[in-house]
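Below, each chain spelled out in residue letters.
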Amino acid sequence: MTPASTTTERSPSGLFRMSAWEGEMERSYPQLPRWYWNEAERRKQYARWVEAEAESLALRLAGLLRPDTPADAAGPARLLVESLARDAEWARRLEDRLLRNAA
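Worth saying up front: this structure is predicted, and the values here are computed from it rather than measured.

A. Up close: the packing of helix α2 (residues 39–64) against helix α3 (residues 71–102). Direction vectors running N to C along α2 and α3 enclose 155°, while the axes themselves pass 8 Å from each other. With respect to each other, α2 and α3 are oriented roughly antiparallel. Between α2 and α3 the crossing geometry is left-handed. Grouping the constituent residues of the contact of α2 with α3 by class yields 18 nonpolar, no polar and eight charged.

If you want it as structure tokens, here you go:
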């Protein structure tokens, strides 16, 4: 039972969609937290999820890269790390904007 969002939210890379996060939340909780039904709070929690997931994946992937990593793997991996970093930065800006609007 996904709440209807007034905006379709997704990170710049398109990897992190609000609908995916909502689905994960609904599968993870037998009863959704009360804040979930508040759109502003839901968007703030979504932004925090994007930031955490993007940073975690970027760090893990960057940690696998070594000087001897073949160029055909290293190049695309570095591009993905950069894309994930942009997603994390986007999420921080989104959360900041949401906090300013709430004040």
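B. Inspection of the confidence of the model for the chain at higher detail. On average, residues of the chain score 92 in pLDDT, and 92% of them reach the 70 mark or higher. In the predicted structure, residues 1–6 sits below a pLDDT of 50 and forms 15 contacts with residues beyond four places in sequence or in another chain.

C. Region of the structure containing the pattern of salt bridges. Summed over all chains, the structure comprises eight salt bridges. The network of salt bridges with common partners includes Glu-51, Glu-55, Glu-89, Arg-92 and Arg-93.

D. Structural view of the nonpolar core. With 19 residues, the main nonpolar core has Phe-16, Trp-21, Tyr-46, Trp-49, Val-50, Trp-90 and Leu-94 as its most contacted residues. Elements with a minimum of two residues in this core: α1 (18–28), α2 and α3. Per element, the largest residue contribution to this core is seven residues, and it comes from α3. For Trp-49, the contacting residues outside a window of four places in its chain are Phe-16, Arg-17, Trp-21 and Glu-24.

E. Summary view of the packing of aromatic side chains. Inspection of every chain in the model, using the stated rule, returns eight aromatic pairs. Ring centres of Trp-21 and Tyr-36 lie 6.0 Å apart, and the angle between their planes is 40°; on these two criteria the pair is classed as tilted. Taken together, the positions of Trp-21 in helix α1 and Tyr-36 in the loop between α1 and α2 put the pair 15 residues apart, joining distant regions of the chain. When sorted by exposure, Trp-21 lands in the same class as Tyr-36, which is buried. Centroid distance Tyr-46 to Trp-90: 6.2 Å. Interplanar angle 75°. Geometry classified as edge-to-face. Placement of the pair is Tyr-46 in helix α2 and Trp-90 in helix α3, with a sequence separation of 44 residues. Both residues of the pair, Tyr-46 and Trp-90, count as buried. Aromatic rings pair up to connect Phe-16, Trp-21, Trp-35, Tyr-36, Trp-37, Tyr-46, Trp-49 and Trp-90 into one cluster.

The rules behind the values
- Sequence order as written defines the numbering, with residues in each chain counted from 1.
- Residues qualify for local features only when their pLDDT is at least 70, as the model is predicted, and side-chain atom pairs are given and counted only at 80 or more; totals for whole chains, interfaces and linings, by contrast, use all residues.
- To obtain the side-chain values, all non-hydrogen atoms of the structure were included, while hydrogens and water were left out.
- All axes are obtained by fitting lines to C-alpha atoms, using only the stretch in contact for helices, and the reported angles, taken between N-to-C directions, cover 0 to 180 degrees.
- The helix and strand labels rest on DSSP assignments: H or I over at least four residues marks a helix, E over at least two residues marks a strand, and numbering proceeds from the N terminus.
- Under this scheme an angle from 65 to 115 degrees is roughly perpendicular, one under 35 degrees roughly parallel, and one over 145 degrees roughly antiparallel; angles in between are oblique.
- Crossings are classed by handedness, with left-handed meaning an anticlockwise turn of the near helix from the far one by less than a right angle and right-handed meaning a clockwise turn.
- Following the grouping adopted for this structure description, the nonpolar residues are Ala, Val, Leu, Ile, Met, Phe, Trp, Tyr, Cys and Pro, the charged ones are Asp, Glu, Lys and Arg, and the polar ones are all others, Gly among them.
- Confidence of the prediction at every residue is given by pLDDT, a number between 0 and 100.
- Whether two residues are in contact is decided by their heavy atoms, any of which lying within 4.5 Å being enough.
- In what follows, salt bridge is the name for a side-chain nitrogen of Lys or Arg lying within 4 Å of a carboxyl oxygen of Asp or Glu.
- As used in this record, nonpolar core signifies buried Ala, Val, Leu, Ile, Met, Phe, Trp, Tyr and Cys residues forming a set joined through side-chain atoms within 4.5 Å.
- Exposure is judged per residue with a 1.4 Å probe applied to protein chains only, and the accessible area is read against the type maximum: over 50% gives exposed, under 20% gives buried, and values in between give partly exposed.
- Two aromatic rings from Phe, Tyr or Trp, using only the six-membered ring of Trp, form a pair when their centres are within 6.5 Å; if the ring planes differ by under 30 degrees the pair is stacked, by over 60 it is edge-to-face, and anything between is tilted.

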